[in-house]
Amino acid sequence: MDIFMQTVKYLARNSGFLFLNGITTNILSFLAMLYIARYLGPEDYGIYCFAFAFIYFFSFVPDMGVHQILVREAAKDPEKAGKLIGNGTIMKFFLALVALLLAFILINLINFPPSTKNALYIASLGLLISGTGAYGIIYEAKLRMEYSLFFNLVSRIFLLAFIFLAASNHSELNVFVLASVSATLIHNLLMILFSKKLVKVSFDVDLSLIKQLLKEAIPIAIASVFTVVYFKVDVLMLSFLRGDVEVGFYSAAYRLTDALVFLPAAFTTSTFPLMSKYFKDSFDSFSFTYARTFKYLFAAGLLIAVLVTFAAEKIILTFYGLEYQNSVIALQILIWATAITFISVLISSTCVSSGNQQIISKTSILAAFLNVILNLILIPSAGYVGAAVATVLSVSGSMIFGLFWIHENLLHENPLKGALSPLIGAGVISLLIFLFRAYTDIFVLSAASVPVFAAVLYITGWIDSDDKNILLKLISRNTS
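Source: prediction; values computed, not measured.

*Asks:* Can you help me understand the overall build of the protein chain in this one?
*Replies:* For the protein chain, the helix and strand inventory stands at 17 helices and 0 strands. Evaluated residue by residue, the protein chain yields a buried proportion of 54% over its 480 residues. Summed over its atoms, the accessible surface of the protein chain is roughly 20900 Å², and 68% of this surface lies on carbon and sulfur atoms.

*Asks:* Please clarify how a nonpolar patch on the surface should be interpreted in this entry.
*Replies:* A grouping of L431, F434, L435, F436 and Y439 is seen on the molecular surface, where their side chains present a nonpolar patch of about 610 Å² in accessible area. A relative accessible area of 70% means that Y439 is categorised as exposed.

*Asks:* Before we go on, may I ask you to explain the environment of D258 in this structure?
*Replies:* Counting through the fold element by element, D258 comes out in helix α10 (residues 244-258). Overall, the relative accessible area of 39% leaves D258 in the partly exposed class. Through-space distance from the C-alpha of D258 to that of F30 is 9.9 Å; in sequence the pair is 228 residues apart.

*Asks:* What am I meant to see in the side chain of T116 here?
*Replies:* Examined against the element boundaries, T116 turns out to sit in helix α5 (residues 114-129). Residues contacting T116, with those up to four places away along its chain left out, are I47 and F50.

*Asks:* Any chance you could explain the side chain of S364 here in plain terms?
*Replies:* Along the chain, the position of S364 falls in helix α14 (residues 358-409). A relative accessible area of 8% places S364 in the buried class. With near-sequence residues (within four places) excluded, S364 lies in contact with A223, F226 and T227.

*Asks:* Just to check I follow, could you spell out the nonpolar core for this structure?
*Replies:* Within soluble globular proteins, side chains that are nonpolar generally end up buried alongside one another. Membership of the largest hydrophobic core comes to 139 residues, with the highest contact counts inside it found for Y45, Y48, F54, Y250 and Y320. Sorting elements by how many residues they give to this core places helix α1 (residues 2-56) first, with 17 residues. In contact with F54, not counting residues within four places along its chain, are L106, I107, I110, F112, L120 and L236.

*Asks:* How should I be thinking about the packing of aromatic side chains in this particular structure?
*Replies:* Each pair of aromatic rings is reported with the distance of its centres and the angle of its planes. One pass over the structure, following the stated rule, counts 21 aromatic pairs. Geometrically, the ring pair formed by Y320 and Y324 is tilted, given 5.1 Å between the ring centres and 45° between the ring planes. Owing to a relative accessible area of 2%, Y320 belongs among the buried residues under this scheme. Among the aromatic side chains, those forming a connected cluster through ring pairs are F50, F54, F58, F112 and F240.

*Asks:* Explain α10 here, please?
*Replies:* Here α10 is 15 residues long and its end C-alpha atoms lie 20 Å apart, about the 21 Å a rise of 1.5 Å per residue gives. In terms of burial, α10 is a largely internal element, 11 of the 15 residues being buried. Every buried residue of α10 is listed here: E246, V247, G248, F249, Y250, S251, A252, A253, Y254, L256 and T257.

*Asks:* When you look at the layout of surface pockets in this model, what are you seeing that I'm missing?
*Replies:* If you add up the space inside the second largest pocket, you get close to 600 Å³. What lines the second largest pocket is a set of 23 residues, among which L256, A259, L260, I315 and F319 lie closest to the centre. Considering each element in turn, the lining of the second largest pocket owes the most residues, 6 residues, to helix α12 (residues 283-319). Class assignment of the residues belonging to the lining of the second largest pocket gives a composition of 19 nonpolar, 4 polar and no charged.

Analysis parameters
Residues numbered from 1 in each chain as written. Predicted model: local features only at pLDDT ≥ 70, side-chain atom pairs only at ≥ 80, totals over all residues. Heavy atoms only, no water. Helix = DSSP H or I, 4+ residues; strand = E, 2+ residues; numbered from the N terminus. Buried < 20%, exposed > 50% of the residue type's maximum accessible area, 1.4 Å probe, protein only. Areas by Shrake-Rupley, 256 points an atom, 1.4 Å probe, with all protein chains shown as cover. Patch = residues over 30% accessible without salt bridge, like charges linked within 9 Å, V, L, I, M, F, W, Y side chains within 5 Å. Salt bridge = Lys/Arg side-chain N within 4 Å of Asp/Glu carboxyl O. Contact = heavy atoms within 4.5 Å. Core = buried A, V, L, I, M, F, W, Y, C linked by side-chain atoms within 4.5 Å. Phe/Tyr/Trp six-rings, centres within 6.5 Å; stacked < 30°, edge-to-face > 60°. Expected span 1.5 Å × (residues − 1). 1 Å grid on protein atoms, 1.4 Å probe; cavity = no way out; pocket = protein on both sides within 12 Å on 5 of 7 lines; lining within 4 Å. Points joined across faces, edges and corners; volume = space filled by probe spheres on them. Nonpolar A, V, L, I, M, F, W, Y, C, P; charged D, E, K, R; others polar.

In short, the description is geometric, and any link to function would need to be established separately.
Pasting the structure below:
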């Protein structure tokens, strides 16, 4: 019971700032992207999204999978944090220069239109800025997420101000690309400045440590390569095969679903340092944390997917306007990929925290392979709708592989045994919305569906004594 309550205490504290961080920064980011999409229109917005998707293909180079290894090692041995950050920064900055050079070479080799090429040059500057990313490990390892909240708020407010100023001056596409890059620079500068309060960074080069970090990170680096392919190849293929307008329709929907990934990311980022410790010191606590996280993320992802599927048209027209009507079907499909990603994020965190990061490489390779093949088949005939279907199928394949491996090799208890109640709840609220959507606003129906879904979970026994203890712990913590 002591281990149980300690786990709850850590999860309650560490997740709070992360969820607040995710909610506020995603709202601000969404407002920024919404304003850009409305101002630029589908074609220029397609070029904007293409530029960052193209540069994203080089983003794995400055990290090479080292970040998660740095967080894990700093959590295990806080005394080494300063040395880890210093050597990590040296590695990342050197690799960032390599990434920038590679990006510039490829931009010049491909015959892009001048407007696209200029946007790509500006977006590529973000690769150089990412060289300072190692400073972020201290806030994760020491569980000081209030700093991350502050950094993100400042950078997003700066981005919004920059965008509003650019729009008021009738600026062109490249100014908006520069705004996004500048916001990242502000974030990383603040991250460096405030790190002095928590750790003294040492830049004494330790070649043996660098070699060790690279060796540990190789499987994650491989995974990063294929993750990049998986996440962005659809945008590139759409641009080349169908044009920038379809990229705009697809990206408008994708931005909405991508904004929701902060929910599982916040929870697993909070639990990752804890699971790294628990795997070594208390396997029961490790197993408990995984099982509860899976349970909550599965139910949350399913609920969100159902509600967004029904409300997709209202969401698109409300936020983007009639010009983006074609994005509705893409949103209805992509939201299910997001629901599956709720579980995929947990799979990744569980494998790395237990020292099995090579499994992440395999799941990423599988997802990337499926995505490329399916996009080649579906995009020429179905365009952005085909790209959305390919995304759902590929992320499903990688998730199934990851769950099977964890069940067979790490945690033998099948977490899917608790899936029936959420599925029943999803069926009940789907019927409710289908029957009453002609008479009631879809947003009102969606809000009413949440307590109905929770009631089904309670009646079917999905909410057990451990869940009640967790809730009581959270209430007592908030009222103490």
